[in-house]
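Here is what each chain is made of, one letter per residue.
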Amino acid sequence: MPRQATAELEPKSELTDDEKRQLLETTIQKNEKLAESGVEMAKLFLQKGKRQIAKRRLREIVNEFAGSEAAKEAKSLLKTL
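Residues numbered from 1 in each chain as written. Predicted model: local features only at pLDDT ≥ 70, side-chain atom pairs only at ≥ 80, totals over all residues. Heavy atoms only, no water.

1. Thoughts on the confidence of the model for the protein
- The share of residues in the protein with pLDDT of 70 or more is 84%, and the mean pLDDT across the chain is 89.
- Ranking the elements of the protein by mean pLDDT puts helix H1 (residues 3-9) last, at 57, and helix H3 (residues 51-64) first, at 97. (pLDDT = per-residue confidence, 0-100. Helix = DSSP H or I, 4+ residues; strand = E, 2+ residues; numbered from the N terminus.)

2. Quick look at the pattern of salt bridges
- Applying the stated criterion across every chain, the model contains six salt bridges.
- Across the salt bridge formed by glutamate 40 and lysine 43, the nearest N and O atoms sit 3.5 Å from each other. With glutamate 40 and lysine 43 both in helix H2 (residues 17-47), this residue pair falls three residues apart, about one helical turn.
- For glutamate 40, a relative accessible area of 43% corresponds to the partly exposed category.
- Among the ionic pairs, arginine 57 bridges to glutamate 60, the shortest N-O distance being 2.7 Å. Here arginine 57 and its partner glutamate 60 are both found in helix H3, three residues apart, which amounts to about one turn of the helix. (Salt bridge = Lys/Arg side-chain N within 4 Å of Asp/Glu carboxyl O. Buried < 20%, exposed > 50% of the residue type's maximum accessible area, 1.4 Å probe, protein only.)

3. Some details on the environment of arginine 57
- You can call arginine 57 buried: its relative accessible area is 16%.
- In this view, arginine 57 contacts Gly38 and Ala42; residues no more than four positions away in its chain are not counted. (Contact = heavy atoms within 4.5 Å.)

4. As for the side chain of lysine 55
- Mapping lysine 55 onto the fold places it in helix H3.
- Contact partners of lysine 55, with chain neighbours within four places excluded, come to Leu78 and Leu81.

5. Here we look at the nonpolar core
- Listed in full, the 11 residues of the largest apolar core are Ala35, Val39, Ala42, Ala54, Leu58, Ile61, Val62, Phe65, Ala70, Ala74 and Leu77.
- Every element with two or more residues in this core is listed here: H2, H3 and helix H4 (69-80).
- At four residues, H3 tops the list of elements feeding residues into this core. (Core = buried A, V, L, I, M, F, W, Y, C linked by side-chain atoms within 4.5 Å.)

Structural data, given as structure tokens:
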């Protein structure tokens, strides 16, 4: 394969600062949505009377997504259980 064609197939080794920032922002947003979904799931478990499962899920959210709004909500819910 000609050198030029090979170079086009090679992945970029470095991201620009803007690409890094965008990737970080996207990751933070996706993690927050994932954590929010976990809190909603825990609330559903509580509604179904599955208190221990809900508590376990809320603890996971607090540990895995520390500092997020969902983790704050999870921590608050845990205090009521």
